[in-house]
Amino acid sequence: MRPDWPTAKLAVMAAALRAKFRGHASPRRLLLSSAPLELVESSPHDFFWGQGYDGSGANHLGRILMMVRSELLAGGEHEDEDADGDGGGGVGGAQ
C-alpha cells in the first residue's frame, strides 16, 4: 500500500471515477440518471466509503459519485459519447 494512502485515497478514488464515467457511456448514463438523488454506499460494514450499519458512516463513495455527477452535468458531457468506443462496459465494467 502507498505510504500516503490515508491522505491520498479520496483523490485516487475521485480520479478513478472521473475516468470511468467520462470514458464509458453506459455507466455515465446510469450516474446521470440518478440526479438529483443523494447517492449512498449502503455497506453495513464500511464506515469510511459507506454509511455503515447505523447510518453514521462518512459515505465518501456516495459523495464522490455525486461530485463527479455534478461535474459531468456542469460540463455538458453528452450521455452517449464513449471515449474508448467499447460500448461502455456496463455497470462496474462488466459486459
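Residues numbered from 1 in each chain as written. Predicted model: local features only at pLDDT ≥ 70, side-chain atom pairs only at ≥ 80, totals over all residues. Heavy atoms only, no water.

Participant: So what's going on with unusual backbone geometry? Residues and values would help.
Facilitator: Backbone torsion omega between Ala 35 and Pro 36 reads 5°, so that peptide bond is classified as cis. For Pro 36, the position within the fold is in the loop between helix H2 (25-33) and helix H3 (60-75). The phi torsion at Asn 59 lies on the positive side, around 55°, for a residue other than glycine. Tracing the backbone shows Asn 59 in the loop between H2 and H3. (Helix = DSSP H or I, 4+ residues; strand = E, 2+ residues; numbered from the N terminus.)

Participant: Got a sec to walk through the packing of aromatic side chains? Specific residues and values, please.
Facilitator: Counted under the stated rule, the structure contains 2 aromatic pairs. Considering the side-chain rings of Phe 47 and Tyr 53, the 5.4 Å spacing of their centres and the 85° angle between planes classify their relative orientation as edge-to-face. Under the relative-accessibility criterion, Phe 47 is labelled partly exposed at 34%. Ring centres of Phe 48 and Trp 49 lie 4.9 Å apart, and the angle between their planes is 90°; this geometry places the pair in the edge-to-face category. Phe 48 sits in the partly exposed class, given a relative accessible area of 27%. Classification of Trp 49 by relative accessible area gives buried; the value is 18%. It is Lys 9 that lies over the ring of Phe 48; its NZ or CZ is 4.1 Å from the centre. (Phe/Tyr/Trp six-rings, centres within 6.5 Å; stacked < 30°, edge-to-face > 60°. Buried < 20%, exposed > 50% of the residue type's maximum accessible area, 1.4 Å probe, protein only. Lys NZ or Arg CZ within 6 Å of the ring centre and 35° of its normal.)

Participant: Residues and numbers for the pattern of salt bridges, please.
Facilitator: Evaluated as defined, the whole model comprises 3 salt bridges. Sharing partners across several salt bridges, the network here consists of Arg 18, Arg 22 and Glu 71. (Salt bridge = Lys/Arg side-chain N within 4 Å of Asp/Glu carboxyl O.)

Any functional reading would require information that these geometric values do not contain.
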